Amino acid sequence: MKKALPLLIALTILLYLIPLNVRVLFSPDETRYAEIGREMIATGDWITPRLNGVLYFEKPVFGYWAFAGSQMVFGENAFAIRFPCVAATLLSALALFFLTRRFSGGGEKLGLLTAAVFLLTPLVFALGIAATLDPMFSSFLTIGMVFFYYAAQSRKAERAFYLFLFGLAAGAAFLTKGFLAFVLPGLSIFAWLAWTRRWKEMFTLPWIPLIGVLLVALPWAVLIHLEQPAYWDYFIYDEHIKRFLEKEQHPEPFWFFIPILVGGLGWLLFLVPSAVKGFAKEHLKEDFVRYLICWFALPFLFLSLSTGKLPTYILPCFAPLAVLLAMGLYRTVVEKREEKLLNTLFLVFIGALALAAVGLVSVQLSGVKWALFAKGEGWKWVVFVLTGIVLVVSLVFAVQEKKNPWVKLCFFFVGLCPILFVTHFALPDLLLLRRAACPLLESVKDKISPETKLLSYRYPFQDVNWVFKTDDVYMYRSPGEIRWGMEQDPAMMDRRLLTIEKTNEMIRRMRGKGGVLLALPTKEYVRDREKLPKPEWVKSTPHRKGFTVVKF
């Protein structure tokens, strides 16, 4: 325990915090949230979210507050934008540590194992180091579910205290992403109470949390209604009912989240059979195990029923999965000392890593056009191969370890860390060029005068806002995600949404007066360039699915 805790803290700082500022911001998600926070600071309006100066009502306000507050502390940079999500992920891991330590029967060591499993889960890691609302929303749900179980196992004043804290967490989750903050934990808790036949508590437990919810959520809910009366109509119908029932936004089949779950677990799949072996039929009678199962299964099923789906939606399901996986490993490997299956799984993992390394090297050396890494990126795939070798060596040591099962597990988890660390630095340009417009915009920033009109397609307008620090970017052909906000002001829509004809007119008008800078995906420029005037210059990212900026 004395060695494991400092090691976990050091690895967390190394993997989650130190490299945050290395990667450029991805478009449109990270630059969207960066810009909304920046515009809050610039306007001094902390009630109404805006993007490109337009009303933006897709989510409530807490996440935007977090991004803005982080910028005020750390400045306008990638570290500041991503820090709230890292902090939320680490708080989730801490909450799971306390929950598991108290109720799993494995004490502090099992609590640390749970935190390690959670933090090294691929989907948790990928979202935890990126700027989206999902890690914050998931963190509040996780903390809330932890407080609720503490309450359920407590008496009188202590129970009321934990129920109140649960309500505060639910209120914060609501301010982050809306009514799912009540639906997901509500379904889980109702199912658990029914499974454990606590019928009376279904009617007595909700009232104290309601006070906490109202204290957190009601002030802003009233203020936004007074300032923007249209907010709740749009948010309730378009962002909840319509998204759940209609196929307008991100339509996917019922089974969509199953491969996301498998991919999100990634290398932890090699631990699952050994963990499952740790649970017998009698364990399903355990109150804590039932709670974890309901916590995972009900949100997963509910989200699967929704028509609109994105891979990030099931992030809250990984918190109870981490606890279940850690408990299963503990009972199989530590308590029962049944290590044969786990050793076999490690050997299979070694074989899979060897095949992956051979495949990667073969593809990169063959020079095929569809190789993941371009010719000038040889160091990147070499680094991944080397870190894969480090993981193989760690797994070999894990298989050979016979005395201490904790050391065996430690070899596995520590061996994963080099791969995760280099991910910050060695992502292929193929991915970066398709998702990051900021470097291209920064490279032309000194060629633009203050009089230049800025024009962008539906993406990457968020990057144009962020790089040029403006909330007045004209929209080329399509308003994209700010359509509803622009429709609330017909005069703005008419002025700032430009067809190709209006674009050409603006270009002619601005000749000799600063000109026009147009930013858009390269494929869109290729399609439209014959319809536009001859440019002064054109600059593009090397990849055909990247971005282009054109100066007229």
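Before any of the text, the structure's been laid out above.
Quick caveat, the model's predicted, so the values are computed rather than measured. (Residues numbered from 1 in each chain as written. Predicted model: local features only at pLDDT ≥ 70, side-chain atom pairs only at ≥ 80, totals over all residues. Heavy atoms only, no water.)

(A) Fine view of the overall build of the protein chain. Scanning the protein chain for helices and strands turns up 26 helices and 8 strands. Taking 552 residues into account, the globule formula puts the C-alpha radius of gyration at 24 Å, and the protein chain, at 25 Å, falls close to it. Dimensions of the protein chain, computed from the C-alpha atoms along their principal axes, are close to 80 × 60 × 40 Å. The buried share of the protein chain, taken over its 552 residues, is 56%. (Helix = DSSP H or I, 4+ residues; strand = E, 2+ residues; numbered from the N terminus. Rg over C-alpha atoms; globule rule 2.2 N^0.38 Å. Buried < 20%, exposed > 50% of the residue type's maximum accessible area, 1.4 Å probe, protein only.)

(B) Seen up close, the environment of Gly 263. Within the secondary structure, Gly 263 sits in helix α13 (residues 257-265). It is 7.8 Å that separates the C-alpha atoms of Gly 263 and Leu 123, two residues lying 140 residues apart in sequence.

(C) Layout of a nonpolar patch on the surface. A contiguous nonpolar patch, built from Trp 207, Leu 210, Leu 214, Leu 218, Val 222, Leu 223 and Leu 226 and spanning about 690 Å² of accessible area, is present on the exposed surface. Mapped onto the elements, Leu 226 comes out in helix α11 (residues 207-227). Residue class for Leu 226 comes out exposed when judged on its relative accessible area of 63%. (Patch = residues over 30% accessible without salt bridge, like charges linked within 9 Å, V, L, I, M, F, W, Y side chains within 5 Å. Areas by Shrake-Rupley, 256 points an atom, 1.4 Å probe, with all protein chains shown as cover. Salt bridge = Lys/Arg side-chain N within 4 Å of Asp/Glu carboxyl O.)

(D) Region of the structure containing the nonpolar core. If you look at the biggest cluster of nonpolar residues, it comprises 160 residues, and the most contacted ones within it are Leu 271, Trp 295, Ile 314, Phe 412 and Phe 413. Here this core takes 13 residues from helix α16 (residues 318-335), the largest share from any one element. In this view, Ile 314 contacts Phe 257, Ile 260, Leu 261, Phe 300 and Leu 303; residues no more than four positions away in its chain are not counted. Listed in part, the 16 residues of the second largest apolar core include Tyr 457, Leu 520, Leu 532 and Val 550. (Core = buried A, V, L, I, M, F, W, Y, C linked by side-chain atoms within 4.5 Å. Contact = heavy atoms within 4.5 Å.)

(E) Quick look at the pattern of salt bridges. Under the definition given, this model contains 24 salt bridges. The partner of Arg 435 in a salt bridge is Asp 29, and the shortest N-O contact between them spans 3.9 Å. One end of the pair, Arg 435, is in helix α20 (residues 429-435); the other, Asp 29, is in helix α2 (residues 29-43), and 406 residues separate them in sequence. We note a salt bridge from Glu 35 to Arg 38, for which the minimum N-O separation is 2.8 Å. In this pair, Glu 35 and Arg 38 both sit in helix α2, 3 residues apart, roughly one turn of the helix. Connected through shared salt-bridge partners, Asp 29, Arg 32, Arg 435 and Glu 481 make up one network.

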